[in-house]
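Letter by letter, the chains look like this.
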Amino acid sequence: MTDAVSLSVKWGKETIVLDFVVAGGVKGLKTELEEKTRVPADRMKLMAKSKGLWKGVLKDDFDFSTIDITKALSKAKGGPLHLLLMGSAAELTGPKIKTVFLEDLPPEEIAKVQEPSGLENLGNTCYLNSVVQCLRTVPQLRRGLDSSTAPPTSAPTLFVNSLRDTYNQLDRTANAVAPSTLVRSTKMAFPEFNRTGPNGAPMQQDAEEFFSGLLTIAAGVLQDDRQIKAALPFSTPAELGGASNLVDALFGLRMEETLTCDEFDDKGTSGSTGDDKMQDDEDKDNNNNNMSALVEPPVKSYDLLRKLVCNIQGGSDGNSAQTNVTHLAEGIALSLNGTIEKRSDVLGRDAVWTRKQRIARLPPILTVQFGRFYWKATPDSQDHTGVKCKVMKPVTFNSTFDIYEFCSEDVKKELKKSRDKALKEDEERINKKLAGEDTTATAEEDVTMKSEEGDDDEEAAALKAALAMSMQDEDDKPLPVGPGLPAEFQGEYELFAVVTHKGRDADGGHYMAWVKAASNNSSKVEKIADTDEENADWYVFDDDEVSPCKTEDVLKLKGGGDWHMSYLNFYRAKK
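Please read all numbers here as calculations on a predicted model, not as lab measurements. (Residues numbered from 1 in each chain as written. Predicted model: local features only at pLDDT ≥ 70, side-chain atom pairs only at ≥ 80, totals over all residues. Heavy atoms only, no water.)

## As for the overall build of the protein chain
Test applied: Numbering of helices and strands runs from the N terminus, with a helix taken as a DSSP run of H or I at least four residues long and a strand as a DSSP run of E at least two residues long. Classification of residues uses two cut-offs on accessible area relative to the type maximum, computed with a 1.4 Å probe and protein chains only: under 20% is buried, over 50% is exposed, and between them is partly exposed. Any two residues whose heavy atoms approach within 4.5 Å at even a single point are treated as in contact.
Helix and strand counts for the protein chain come out as 18 helices and 18 strands. Each of the 575 residues in the protein chain was classed as buried or not, and the buried ones make up 43%. When contacts within the protein chain are restricted to residue pairs at least 6 apart in sequence, long-range pairs at least 24 apart make up 68% of them.

## Looking at the packing of helix 4 (residues 126-135) against helix 8 (residues 207-221)
Packed helices, taken two at a time, are described by the angle between their axes plus the distance between the axes. Selection criterion: Axis definition: a line fitted to C-alpha atoms, over the contacting stretch in the case of helices. Angles run 0 to 180 degrees between N-to-C directions. Here roughly perpendicular refers to angles of 65 to 115 degrees, roughly parallel to angles under 35, roughly antiparallel to angles over 145, and oblique to all remaining angles. Crossing handedness is read from the near helix: turned anticlockwise from the far helix by less than a right angle, it gives a left-handed crossing, and turned clockwise, a right-handed one.
Taken N-terminus to C-terminus, the directions of helix 4 and helix 8 make an angle of 55°; their axes are 9 Å apart at the nearest point. When the axis of helix 4 is compared with that of helix 8, the two are oblique. By crossing handedness, the relation of helix 4 to helix 8 is classed as right-handed. Seen from helix 4, the contacting residues are Tyr127, Leu128, Ser130, Val131, Val132 and Leu135; seen from helix 8, they are Ala207, Phe210, Phe211 and Leu214.

## Thoughts on the nonpolar core
Rules: As used in this record, nonpolar core signifies buried Ala, Val, Leu, Ile, Met, Phe, Trp, Tyr and Cys residues forming a set joined through side-chain atoms within 4.5 Å.
In this structure, Leu135, Phe159, Phe210 and Phe570 are the most contacted members of the largest nonpolar core, which totals 58 residues. With 9 residues, the top contributor of residues to this core is helix 8. Apart from the residues lying within four places of it in its own chain, the contact partners of phenylalanine 570 are Cys134, Leu135, Phe211, Leu366, Thr367, Glu494, Leu495, Phe496, Ala497 and Val499. Ranked by size, the runner-up nonpolar core spans 42 residues in total, among them Leu362, Val395, Cys549 and Leu555.

## Notes on the sheet that holds strand 8 (residues 337-344)
In plain terms, the rule: Two strands make a pair as long as DSSP finds a minimum of two bridges between them.
Within the open sheet, the 4 strands sit side by side as 6-5-9-8. Their pairing is antiparallel. Strands with a single pairing partner mark the edges of an open sheet, and in this sheet they are strand 6 (299-305) and strand 8. Ignoring which end each strand starts from, the neighbouring axes of this sheet average 35° apart.

## Some details on the sheet that holds strand 2 (residues 14-21)
Strands sit in the order 2-1-4-3 across an open sheet of 4 strands; the sheet is mixed. Only two strands of the sheet have a single partner each, and these edge strands are strand 2 and strand 3 (45-48). Strand after strand, the sheet turns through a mean of 30° between neighbouring axes, direction not considered. With 8 bridges joining them, strand 1 (residues 4-11) and strand 2 adopt antiparallel strand pairing. From the neighbouring strand, leucine 7 faces strand 2, where its bridge partner is leucine 18.

## Looking at the pairing of strand 1
Adjacent in sequence and paired antiparallel, strand 1 and strand 2 are bridged by 2 residues, among which glycine 12 carries a positive phi angle near 65°. Pairing geometry for strand 1 and strand 4 (residues 81-86), over 5 bridges, is parallel. When the sheet's bridge partners are listed, serine 8 is paired in strand 4 with histidine 82.

## Side note on the environment of phenylalanine 190
Tracing the sequence through the fold places phenylalanine 190 in the loop between helix 7 (180-189) and helix 8. Put simply, phenylalanine 190 and leucine 214 are 24 residues apart on the chain and 9.5 Å apart in space, counted from C-alpha to C-alpha. For phenylalanine 190, the residues in contact, after removing those within four places along its chain, are Phe159, Gly213, Leu214 and Ile217.

## Section: the packing of aromatic side chains
Note the threshold: Only Phe, Tyr and Trp rings take part, Trp by its six-membered ring, and two of them pair if their centres are within 6.5 Å. Stacked means planes under 30 degrees apart, edge-to-face means over 60, and tilted covers everything else.
Within this structure, the stated rule accounts for 20 aromatic pairs. Here tyrosine 127 and phenylalanine 193 contribute two aromatic rings whose centre-to-centre distance is 5.4 Å and whose plane-to-plane angle is 70°, an arrangement assigned as edge-to-face. Of this pair, tyrosine 127 sits in helix 4 while phenylalanine 193 sits in the loop between helix 7 and helix 8, and the two are 66 residues apart along the sequence. The same class applies to tyrosine 127 as to phenylalanine 193, namely buried.

## Topic: the confidence of the model for the protein chain
To keep things clear, this is the line we draw: What pLDDT conveys is the predictor's confidence in a given residue, as a value from 0 to 100.
Of the residues in the protein chain, 80% have a pLDDT of 70 or more, and the chain-wide mean is 83. Every residue in residues 272-280 is under pLDDT 50, and counting partners more than four places away or in other chains gives 7 contacts. The low-confidence segment residues 315-320 (pLDDT under 50) makes 13 contacts with residues lying over four places distant or belonging to another chain.

## Details of the side chain of serine 130
The criterion, for reference: For this analysis, a polar contact is any N or O atom pair within 3.5 Å, provided that within protein one partner can donate a hydrogen and the other can accept it, and provided that sequence-adjacent residues contribute only side-chain to side-chain pairs.
Secondary-structure assignment places serine 130 in helix 4. Taking the relative accessible area as the measure of exposure, serine 130 reaches 2% and is therefore buried. A distance of 3.1 Å separates the side chain of serine 130 from the backbone oxygen of tyrosine 127, its partner in a polar contact. Here serine 130 is in contact with Ala207, Val499, Tyr511, Met512 and Ala513, once residues within four sequence places are set aside.

## Overview of the side chain of arginine 372
We count it as follows: Neither His nor the chain ends is counted toward charge; the positive residues are Lys and Arg and the negative residues Asp and Glu. Each reported salt bridge corresponds to a side-chain nitrogen of Lys or Arg within 4 Å of a carboxyl oxygen of Asp or Glu.
The topology assignment puts arginine 372 in the loop between strand 10 (365-370) and strand 11 (373-376). Aspartate 562 provides the closest opposite charge to the buried, unpaired arginine 372, separated from it by 11 Å. There is a polar contact of 3.1 Å between the side chain of arginine 372 and the backbone oxygen of serine 566. Those residues in contact with arginine 372 that lie beyond four places of it in its chain are Ile312, Cys389, Lys390, Val391, Met392, Lys393, Val395, Lys558, Gly559, Met565 and Ser566.

## Some details on the pairing of strand 17 (residues 545-550)
Two elements, strand 16 (residues 537-542) and strand 17, share 6 bridges in a ladder whose sense is antiparallel. By the bridge assignment for strand 17, phenylalanine 541 is matched with valine 546. Linkage of strand 16 to strand 17, two consecutive antiparallel strands, is achieved through a turn of 2 residues, within which aspartate 543 is found at a positive phi near 55°.

## A look at the pattern of salt bridges
For the coordinates displayed, the defined rule picks out 21 salt bridges. Here aspartate 165 ties to arginine 164 by a salt bridge, and the two come within 3.3 Å at their closest N and O atoms. A salt bridge links aspartate 224 to arginine 226, with the nearest nitrogen and oxygen atoms 3.2 Å apart. Of the residues examined, aspartate 224 reaches a relative accessible area of 29% and is grouped as partly exposed. Members of the salt-bridge network, linked through shared partners, are Arg136, Arg142 and Asp171.

## Quick word on the environment of threonine 500
Residue position: threonine 500 is located in strand 14 (residues 492-502). What makes threonine 500 buried here is its relative accessible area of 0%. In this structure, the C-alpha to C-alpha distance between threonine 500 and lysine 558, residues 58 residues apart in sequence, is 9.5 Å. With residues up to four places along the chain from it excluded, the contact list for threonine 500 reads His510, Tyr511, Met512, Trp514, Leu557, His564, Met565, Ser566 and Tyr567.

## A few points about the environment of glutamate 208
Of note, glutamate 208 is situated in helix 8. On the accessibility criterion, glutamate 208 (10% relative accessible area) is buried. Each C-alpha atom, one on glutamate 208 and one on leucine 128, is 9.6 Å from the other, the two residues being 80 residues apart in sequence. Sequence-distant contacts of glutamate 208, defined by excluding residues within four places in its chain, comprise Lys307, Gln369, Tyr567 and Leu568. Side chain to side chain, glutamate 208 and serine 212 meet in a polar contact 2.5 Å long.

What follows is the structure in structure tokens.
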């Protein structure tokens, strides 16, 4: 066994490097770490990040002689072995709770403890205000914007920089902010948003068009690896799956599309056509014999989307208009499936094909657009230009959304590993409880909970991921299905923001933002009556007016009347 090995120990935001004498055992390792960190040895939780060491939390009676240190070092390619340490230092740094009067705080600190600030309406700019408020609570996007150093020498860079500056201004004050620079840069980047009505007033714009345009411009500006690393510090190239900019890393869905010719049955034979009936029996037999030997192979392709669409009117082929969509999942299923006409090389003519789309890479932020607006032809009108209409029908949604059924088979396979593991753990916990055994959390389970030492969410998530990896066998570890996803992600997303539209006029009306609060005012979150939905705290942003609300209020935004109805739903991967 090697006498001394180089160790790199991650502790909070610090990295400790030391040469550890293996013969000293667990006690010697903890003693050295206590001298450097002042974390008491009995409060230390040590986990191995490098492969080939130990699983879970290091036990005091663990024998280092059972580890092949030479093999572990070779896996580390000559570098130090990496460990993770959890635990707080023994000395007191001050009182945990200090009484501070609100009037003594600077403006930026007041903004943190009061209701979030709103945005002033500068002339039909509610479409912009609502989207900006929803994206304000995406920390990955905020970090990526803050890391951008692009000079404002063009309309796109000026737009991105003004978006970043608007967010920073919102964070520094509890008063409403006038987004003057952002509105001006928006009209420079999107000339169509600079249109005015007959009276000279700015025209109402579409919130989804602004959101899509925002992502398009940001994707062109935020292409530096530093921005992706700032937003998703723990992501790997395999998880990113080729995402070349910050927007596609956060919002991008890699879609797998499969086209299957409907005019061939499962044996490869084509269905009868009108031409077959005009042939004589001999020609028909020869044709069928030839067709039976041929098979039209499925056509598979890949594309990148930045949102899913909930089709409210019917199927994506336009032939399912009578389909009654009442829930978000039903509308998404319709939008991902349909039929098209496409040339068949085997048949030598156009044929009907079934189109099926599935998600091959999952994003940390999932956006769903409700297809509430559509264009209706008006051939009898004088100008024949058509009219933009709105679908008012109610479409329900929940505070959580399971994406599993809309994923490709490869992604389903990896999600199922985490689902099966969680199901097995639940069964074991129930069996222990029925048997009267102790079901209190073990030291390993304690690590997965939110640290009372005050670690941020991403640090805790990284520790949880490392623990999960160290506890699993190689064959059981799920392969990455997307960047920035929680450890052992099971495919569930939680709703955190909604853009709503009120009014029957598609070119008018009013947009508002509904955003989930960062924390609840009470320690215990109650359930919505007769459901398992948590009634968490939310805020509703009506431009510069901000009011508190609850999850139950947000779930009523399903439509069906003249009240606000959901148009854009924003989800984040659920831990």
